[in-house]
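This is what each chain is made of:
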Amino acid sequence: MSGSNDLRSVDVVIIGGGPAGLSAAVAAHEEGCDSILVLERDNCLGGILNQCIHNGFGLHRFKEELTGPEYAHRFVRRVEEEGIPYKLNTMVMDVSPERVVTAMNRDDGMFQVQAGAVVLAMGCRERPRGALNIPGCRPAGIYTAGTAQRLVNVEGYLPGREVVILGSGDIGLIMARRMTLEGAKVKVVAELLPYSGGLKRNIVQCLDDFGIPLKLSHTVVDIEGAERVKAVTIARVGPDRRPIPGTEERYACDTLLLSCGLIPENELSSACGVRLSPVTSGPVVNESFETSVLGIFACGNVLHVHDLVDYVSEEADEAGRRAVAFVHGELGPAGAGQRDAAHARIAVRATGGVRYTVPSTIDPVRMADKLTVRFRVGDVCQDAYVSVYLDGERVQHRRKQIMAPGEMEQVILRKADLVGRPGLSSVTVAVERE
Amino acid sequence: METRRLTCINCPMGCQLEVTVGDGGKVVSVTGNGCRRGDVYGRKEVTNPTRTVTSTVVVRDGASERVSVKTKEDVPKRLIFDVMDVINRTTVTAPVHVGDVLVDDVCGTGVPLVATAEVGVR
């Protein structure tokens, strides 16, 4: 391996060529940065959008309804037109706190790049069977919904004929429809929680349209089959989410799809020393999408799992721009842990049913005129208020008819409000009854 | 008179709508909706439900085996499986570009089937 003095230098290295990485790359280029490198593990750009062939993407960003591949194409085309460099089939092995990126592929072998700034955009992965503790045999025919989606939509294989789906997240719902359209029989969708984490639109158009039953407060208690799945047994669960004996129902089937949550993919981040949030499993970031490690930024599903790619792009634009500002020394004293007194760091607190916020700290000097703070609630809340407090003073109080854990919420903070309060120590986002 | 029960899709409330349809298929009333969007949705869903159909088509000589496709506009919901039949009988030769028309008029709807991804030549 080459010594550090003859390392190739690149201003902004972006890890991941999915929607977040592509948006960050285009935004960094628009900001005047001509030294960018996107590193992508797959054999094409676009990430998970390539297999999300259904429509519903881009309503916020482009004011029209696109499919996943079309949405990705808009960004890939920009990357190609602007000649932004990228490497495919390239696996990043390590990111050091000094921003040396170690990666490998078949053409270059192992190589290292000294990055001026790094944007983490690795996305997320699905919670697999092993993380769910489902009892029963371990036959073939058990897939995560996203794996089945890739098999059907990209590879052109139907992974099964008679299907049970556990989990009613959007990917599970989308795959219920997709498998049905391709001739499979989806017998039931079981959801552990008393509500679905999926969009109402998907429940209606993916399940109701095809007469597929959704069983809330149900889980899988047994999988049968030596070679291949033969049957799946589901049972009702109580408020403690434990199966209730005597409520078992057996479904003969050859396939079980799992749509049981997404986890940000942060092995590189944690090895680099980036501090992660125990709630989101993604990096803790400030208003500039900067992590706890100097010059390392994060955006997209590696930061927190999104429902809408439009918001991924919006955040990634900002992360890309801020990475360029960092390289140009325009971001001011940086590093969430190393800020001086002139750049007071204000904590953003999540309380009263708000599970987390992104960002979790704000430097009012560095923040833009308006800053979007995104959050999720922990439970379904009806007729509640979203409130924002600056220290003890309530400055926003907005009624929401309904909020659900499956839909990301936001509040917008104004820079003028924050800089106008010297000594401000915290911003609190809360859900309140009145 | 017939009453149809629907779930409104406009927001996470998912209001349970009851749409009453009179003789001749005219909507008499929509109840259960929390806002105006529910009324509009209920009427449309009962009189003229439509959907965009998305799937994949086999590619010959392409860098990948399949290309994703969609009906360029919504088509009547009752035709979803007829549209799938047409899609499953369609093949295309690479290269394919986003927006390429693969079928001019799917099932007499006047709506074309278009590619939604790029596929280069193998």
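The structure displayed is predicted, hence computed values, not measured ones. (Residues numbered from 1 in each chain as written. Chains lettered and ligands numbered in written order. Predicted model: local features only at pLDDT ≥ 70, side-chain atom pairs only at ≥ 80, totals over all residues. Heavy atoms only, no water.)

(A) How the structure looks around the overall build of chain A. When helices and strands are counted, chain A shows eight helices and 27 strands. A compact globule built from 434 residues would reach a C-alpha radius of gyration of about 22 Å, and chain A, at 23 Å, matches this within 12%. Classification of the 434 residues of chain A by burial places 55% in the buried group. Intrachain contacts of chain A at a sequence separation of at least 6 include 62% that bridge at least 24 residues. Total accessible area on chain A stands at roughly 17900 Å², and carbon and sulfur atoms take up 48% of it. (Helix = DSSP H or I, 4+ residues; strand = E, 2+ residues; numbered from the N terminus. Rg over C-alpha atoms; globule rule 2.2 N^0.38 Å. Buried < 20%, exposed > 50% of the residue type's maximum accessible area, 1.4 Å probe, protein only. Contact = heavy atoms within 4.5 Å. Areas by Shrake-Rupley, 256 points an atom, 1.4 Å probe, with all protein chains shown as cover.)

(B) Structural detail: the nonpolar core. Ranked by internal contacts, the top residues of the largest apolar core, which has 64 residues, are Ile14(A) and Ile15(A). With eight residues, the top contributor of residues to this core is helix H7 (residues 309-327) of chain A. Setting aside residues up to four positions removed in sequence, Ile14(A) forms contacts with Gly21(A), Ala24(A), Ala25(A), Ile36(A), Leu37(A), Val38(A), Leu39(A), Val119(A) and Ala121(A). By size, the runner-up hydrophobic cluster in this structure holds 42 residues, among which are Val152(A), Leu173(A), Ile87(B) and Val92(B). (Core = buried A, V, L, I, M, F, W, Y, C linked by side-chain atoms within 4.5 Å.)

(C) View of the interface of chain A and chain B. Listed per partner, the contact involves 29 residues of chain A and 26 residues of chain B. Here chain A and chain B share three salt bridges between them. The set of elements that each furnish at least two residues to the side of chain A that touches chain B consists of helix H2 (68-82), helix H3 (145-155), helix H4 (170-181), helix H5 (200-207) and strand E25 (393-403) of chain A. Taken together, the residues of the side of chain A that touches chain B break down into nine nonpolar, ten polar and ten charged. (Salt bridge = Lys/Arg side-chain N within 4 Å of Asp/Glu carboxyl O. Nonpolar A, V, L, I, M, F, W, Y, C, P; charged D, E, K, R; others polar.)

(D) How the structure looks around the pattern of salt bridges. This structure, assessed with the given rule, holds 34 salt bridges over all chains. In this structure, Asp209(A) engages Lys77(B) in a salt bridge whose closest nitrogen and oxygen atoms are separated by 3.3 Å. Here Lys77(B) lies in the loop between strand E7 (75-76) and helix H2 (80-89) and Asp209(A) lies in the loop between H5 and strand E13 (214-216), a pairing that spans two chains. The partner of Arg43(B) in a salt bridge is Asp39(B), and the shortest N-O contact between them spans 2.9 Å. Highlighted residues: Arg43(B) and Asp39(B), both in helix H1 (residues 36-47), separated by four residues, approximately one helical turn. Counted as one network, the salt bridges with shared partners bring together Arg41(A), Arg125(A), Glu265(A) and Glu267(A).

(E) Spatial organisation of the layout of surface pockets. Residue and element names in this part refer to chain A. Computed from the structure, the second largest pocket encloses a volume of approximately 340 Å³. Listing elements by their share of the lining of the second largest pocket, those giving two or more residues are H5 and E13. For the lining of the second largest pocket, the leading source of residues is H5, giving three residues. Here the lining of the second largest pocket is composed, by residue class, of twelve nonpolar, seven polar and three charged. (1 Å grid on protein atoms, 1.4 Å probe; cavity = no way out; pocket = protein on both sides within 12 Å on 5 of 7 lines; lining within 4 Å. Points joined across faces, edges and corners; volume = space filled by probe spheres on them.)

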